[in-house]
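So the chains spell out like this:
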Amino acid sequence: MRGMLESFCPLENGDDSCCHFLLHLQDFHWQAKILPLFFCTASHLPYNRNGFKFFTSDGGLNKANIKDILERASRIYEESEHGSIQELEEASRGVVTNVDYMSIYASDLVQAVRKSAGNKDGNVPVAFFRPLLFVLISTNRWKGMHIVVDAGNGAGGFFVDKVLRPLGAVTTGSQFLEPDGLFPNHIPNPEDKNAMKAITQAVLDNKADLGIIFDTDVDRSAAVDSSGRELNRNRLIALMAAIVLEEHPGTTIVTDSVTSDGLTTFIENKLGGKHHRFKRGYKNVIDEAIRLNSIGEESHLAMETSGHGALKENHWLDDGAYLMVKLLNKLAAARTQNSSAGSEVLTNLVEGLKEAAVAVEVRLKIDQSHADLKGGSFRDYGESVLKHLENVINSYSNVHIAPKNYEGIRVSGYGGWFLLRLSLHDPVLPLNIEAPNNDDATKLGLAVLAAVSEFPALDVTALKKFVQE
Ligand SMILES: O=P(O)(O)OC[C@H]1O[C@H](O)[C@H](O)[C@@H](O)[C@@H]1O
């Protein structure tokens, strides 16, 4: 706080922060006023991994930038002659002001939906989730669109009061809207099975038309249709790709590395787009989409199976609330044509997406203190595991290395595929397997197991368990 105060005075403080609204405001309203930003935030992980995020006007900072900041901050702190708590408090008292950015951001989201429903300037307070007035009068069949939100006790609760209700949606049954940094109900992550179970149950219990779930800082999101069908992971990418490709025919969709083969077929054969499967990591997919545009390949969507998705039209911010607004736009537009249109409008957009019967992720830990690392880093060790796997796979005839792949080793065979890669952050090799049935998934798992078993620092317990079940 003190460093911020000294460097960027005056300091403005937004309450109820979700990750991207400040950047959004920075782009649209405050360009010259706010430059560096940081958030004390949680993400999609359990409470013991809460932390900070840093942004400049060019977007989020990466690992190397943050390492540099932390090293410099700790040096400055050590060297400081003014490190007393009293002085820190005095410095903070003078210049911090609270600003309600959230209301401005939320009202922009509301206007985006209103515009999609045909209201060009977005200013008239019409509730677009209700059937049009003449339908109400002539048929007396008024029914508000019922949308439940699960904010996982993160910052996404604003979406109920500041976006959905002003649009006229009914939101009863929404849950875990109050921020609680211990996340007492479920891990706030749309990739997490229990989190998806919770929002699915809320949709079914309340007979809602749609469910929406956010992670803590609202940079990940997912939906559930009225029948309880989850719209997350590959399905959400397929849905967003369908929406984006309607608006930008032929455009390239950049995704992370663990997306399915079925998604490629869907994007390329059904939607007429191009699927560029790149690396894991929201920053990696966003940077890749920006790079493609800079060399003349048009791309409008960069998205991960984790639920991070960024659109060119939204300044490449991986803003989970904006993704959900794109779904609401689709619903609002359909509802102006047909007053009883519901979430099947979204579900129909992913019809034809082929999905594997078995899709698993197994995470293999590297014991960093194991003698087999010979004093080297876990990254080097992981790389040698991957190299060995590549050699072993090349000697097999029934599986083959995928020709285009940007991280780890992706292998096709037995009607499915697997990808073994290094985790972005942890001493872990995540293994993703997709296959048409358990037998084929086991065969793929066994191919990996045979290759990695001779690396004693790698804990293969989870993989053994998977192939034995
Ligand atoms: O490499 P992993 O350990 O699977 O983690 C990968 C994930 O790391 C973070 O959570 C990022 O926010 C995600 O964008 C990324 O997908």
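Not measured: the values here are computed from a predicted model. (Residues numbered from 1 in each chain as written. Predicted model: local features only at pLDDT ≥ 70, side-chain atom pairs only at ≥ 80, totals over all residues. Heavy atoms only, no water.)

## A short note on helix 9 (residues 233–247)
- Compared with an ideal rise of 1.5 Å per residue, which puts 15 residues at 21 Å, helix 9 spans 22 Å between its outermost C-alpha atoms and is within 8% of the ideal.
- Counting buried residues along helix 9, 12 of its 15 residues qualify, which places the element largely inside the surrounding structure. (Helix = DSSP H or I, 4+ residues; strand = E, 2+ residues; numbered from the N terminus. Expected span 1.5 Å × (residues − 1). Buried < 20%, exposed > 50% of the residue type's maximum accessible area, 1.4 Å probe, protein only.)

## A word on the pattern of salt bridges
- All told, the structure shown has 23 salt bridges when counted by the stated rule.
- One salt bridge in this structure joins Asp-68 and Arg-72, with 3.1 Å as the shortest N-O distance. Taken as a pair, Asp-68 and Arg-72 lie in helix 3 (residues 63–79) at a separation of 4 residues, close to a single helical turn.
- Its relative accessible area of 42% is what places Arg-72 among the partly exposed residues.
- A salt bridge links Glu-355 to Arg-229, with the shortest nitrogen-to-oxygen separation between them at 3.3 Å. Separated by 126 residues along the polypeptide, Glu-355 in the loop between helix 13 (344–349) and strand 14 (358–366) and Arg-229 in the loop between strand 8 (221–225) and strand 9 (230–231) bring together distant segments of the chain. (Salt bridge = Lys/Arg side-chain N within 4 Å of Asp/Glu carboxyl O.)

## What about the pairing of strand 11 (residues 274–277)?
- Pairing between strand 10 (residues 252–255) and strand 11: 4 bridges, direction parallel. Across the sheet, Ile-253 pairs through a bridge with His-275, a residue of strand 11.
- Crossover strand 10 to strand 11 through helix 10 (residues 261–270) is right-handed. (Pairing = 2+ DSSP bridges. Right-handed = clockwise from strand over helix to strand, strands pointing away.)

## Structural notes on the packing of helix 7 (residues 158–167) against helix 12 (residues 320–337)
- Interhelical geometry of helix 7 versus helix 12 gives an angle of 35° and a closest axis separation of 13 Å. Between helix 7 and helix 12 the crossing geometry is right-handed. Contacts between helix 7 and helix 12 pair Phe-158, Phe-159 and Leu-164 from the former with Ala-321, Met-324, Val-325 and Leu-328 from the latter.
- By residue class, the composition of the contact of helix 7 with helix 12 is 7 nonpolar, no polar and no charged. (Axes fitted to C-alpha atoms, helices over the stretch in contact; angles between N-to-C directions. Left-handed = near helix turned anticlockwise from the far one by under 90°. Contact = heavy atoms within 4.5 Å. Nonpolar A, V, L, I, M, F, W, Y, C, P; charged D, E, K, R; others polar.)

## Some points on the site of the ligand
- Neighbouring residues of the ligand: His-44, Arg-220, Arg-280, Gly-281, Tyr-282, Glu-304, His-308, Arg-363, Arg-421, Ser-423, Leu-424 and His-425.
- One of the side-chain N or O atoms of Glu-304 is found 2.6 Å from an oxygen atom in the ligand.
- In the environment of the ligand, an oxygen atom lies 2.9 Å from a nitrogen or oxygen atom belonging to the side chain of His-425.
- In isolation the ligand offers 390 Å² of accessible surface; the protein chains occlude 90% of this area.
- Composition of the shell around the ligand by domain shows at least three residues from each of domain 2 (232–318) and domain 3 (358–468). (Near = heavy atom within 4 Å. Polar contact = N/O pair within 3.5 Å; in protein donor to acceptor, adjacent residues only side chain to side chain. Areas by Shrake-Rupley, 256 points an atom, 1.4 Å probe, with all protein chains shown as cover. Domains from an automatic or database assignment.)

## Focus: unusual backbone geometry
- Although it is not a glycine, Asn-153 sits at a positive phi angle of roughly 60°.
- Exposure remark for Asn-153: the relative accessible area of 7% places this residue in the buried category.
- Of note in the backbone geometry, Phe-183 takes a positive phi value of approximately 45° without being a glycine.
- By secondary structure assignment, the location of Phe-183 is in the loop between helix 7 and helix 8 (193–206).

## So, the side chain of Thr-171
- Within the fold, Thr-171 resides in the loop between helix 7 and helix 8.
- Here the side chain of Thr-171 touches Arg-165 through a polar contact of 3.0 Å, side chain to side chain.
- Look past the residues within four positions of Thr-171 in its chain and what remains in contact with it is His-146, Ile-147, Val-160, Leu-164 and Arg-165.

## Notes on the sheet that holds strand 15 (residues 399–401)
- Strand order in the open sheet made by the 6 strands is 15-16-17-18-14-19, with antiparallel pairing throughout. Sheet topology places strand 15 and strand 19 (458–459) at the edges, where each strand pairs with a single neighbour.
- Bridge count for strand 14 against strand 18 (residues 428–435) is 8 bridges, and the pairing is antiparallel. Paired with Ala-359 across the strands is Glu-434, a residue of strand 18.

Everything listed here is a matter of geometry and, on its own, says nothing about what the molecule does.
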